Amino acid sequence: MTDLKAKATRLRRAYAPHEHRPLGGYVLAMGAYAGATAMIAGLVRASRRSVPERPATVDVVLLSIATHKLSRLLSKDAVTSPLRAPFTRYARPIGSGEVMEEVRDSGSPTRHAVGELLSCPFCLAVWVATGFTGGLVLAPRLTRLVATALTAVAASDFLQMAYATAQQAAEGGEE
């Protein structure tokens, strides 16, 4: 066991000699993702639901937009910051109800890796999309309903930003 630990330490140092990279935490995160994926696959198999040969294009578009929105809500929204607080530290507001956070580096590779995952919408999207994809097989009506709501919120966000931009342009033109 000590030999394995020494090899892991040498690998981590060789990988990023001038920066702390929590490779052990990443391994645990990948293991958790593999476990969650295996659990979804097991539930699909146990339910004897058929898996479509290929998802419908409309489902791919719906889940893509919903994945984008839910990933941003979980990773950047000010209201969901209590979920991230054990792993991140508030840095500053970044507009539109979102916040920028820094990963807490408490020496725990797991805490650091979870902080990176929870504060990165791109990283979190893999997990969200996997959940939605499993939901599409296990509970398609509910999954589509939730995805529709999130897609409507994403569309509303863009409309709100377009309105604010148009309003600023109109106010700027009045001078």
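Residues numbered from 1 in each chain as written. Predicted model: local features only at pLDDT ≥ 70, side-chain atom pairs only at ≥ 80, totals over all residues. Heavy atoms only, no water.

J.: Tell me about the packing of helix α3 (residues 57–76) against helix α6 (residues 121–138), and name the residues and values.
T.: At their nearest, the axes of α3 and α6 sit 8 Å apart, and the two run at 135 degrees to each other. In terms of orientation, α3 lies oblique with respect to α6. As α3 packs across α6, the resulting crossing turns out to be right-handed. Side by side, α3 and α6 meet where D59, L63, A66, T67, L70, S71, R72, L74, S75 and K76 of the first sit next to P121, L124, A125, V128, A129, F132, T133 and L136 of the second. Residue composition of the contact of α3 with α6, grouped by class: 11 nonpolar, four polar and three charged. (Axes fitted to C-alpha atoms, helices over the stretch in contact; angles between N-to-C directions. Helix = DSSP H or I, 4+ residues; strand = E, 2+ residues; numbered from the N terminus. Parallel < 35°, antiparallel > 145°, perpendicular 65-115°, else oblique. Left-handed = near helix turned anticlockwise from the far one by under 90°. Contact = heavy atoms within 4.5 Å. Nonpolar A, V, L, I, M, F, W, Y, C, P; charged D, E, K, R; others polar.)

J.: Any details on the pairing of strand β2 (residues 98–103)? Residues and values, ideally.
T.: Sheet topology places strand β1 (residues 88–95) next to β2; six bridges connect them, and they run antiparallel. Considered in β2, the bridge of G95 is made with E98. Where β1 folds back onto β2 in an antiparallel hairpin, the turn is made up of two residues, including S96, whose phi is positive at roughly 55 degrees. (Pairing = 2+ DSSP bridges.)

J.: Any details on the UniProt feature "transmembrane region" (unreviewed entry) in the protein chain? Residues and values, ideally.
T.: This chain's UniProt record puts "transmembrane region" (unreviewed entry) on residues 23–44. Annotated as residues 23–44, this span is 100% helix and 0% strand, and its ends, taken at the C-alpha atoms, are 31 Å apart. (UniProt positions renumbered as here; feature names shortened; annotations may be inferred.)

J.: For unusual backbone geometry, give the residues involved together with the corresponding values.
T.: The backbone phi angle of R48 is positive, close to 60 degrees, even though this residue is not glycine. The topology assignment puts R48 in the loop between α2 (23–47) and α3. By relative accessible area, which is 77% here, R48 ends up exposed. Here the phi dihedral of S96 falls at roughly 55 degrees; this positive angle occurs in a residue that is not glycine. Relative to the assigned elements, S96 resides in the loop between β1 and β2. The exposed category is assigned to S96, whose relative accessible area is 61%. (Buried < 20%, exposed > 50% of the residue type's maximum accessible area, 1.4 Å probe, protein only.)

J.: Give a description of the packing of α2 against helix α5 (residues 109–118) that names residues and reports values.
T.: Angle between the axes and distance between the axes are the two parameters that describe a pair of packed helices. At a minimum axis distance of 7 Å, the contact between α2 and α5 shows a crossing angle of 65 degrees. Considering how the two elements wind past one another, α2 and α5 form a crossing that is right-handed. Residues G24, G25, Y26 and L28 of α2 touch α5, and the partners they reach there are P109, T110, A113 and E116. Of the residues assigned to the contact of α2 with α5, the class counts are four nonpolar, three polar and one charged.

J.: An account of the packing of aromatic side chains is requested, with residue identities and associated values reported.
T.: Tallied over the entire structure, the rule returns one aromatic pair. For the ring pair Y33 and W127, a centre distance of 5.3 Å and an interplane angle of 70 degrees mean the geometry is edge-to-face. Taken together, the residues span a long stretch of sequence, with Y33 in helix α2 and W127 in helix α6 at a distance of 94 residues. Residue classification places W127 among the partly exposed residues on the basis of a relative accessible area of 30%. (Phe/Tyr/Trp six-rings, centres within 6.5 Å; stacked < 30°, edge-to-face > 60°.)

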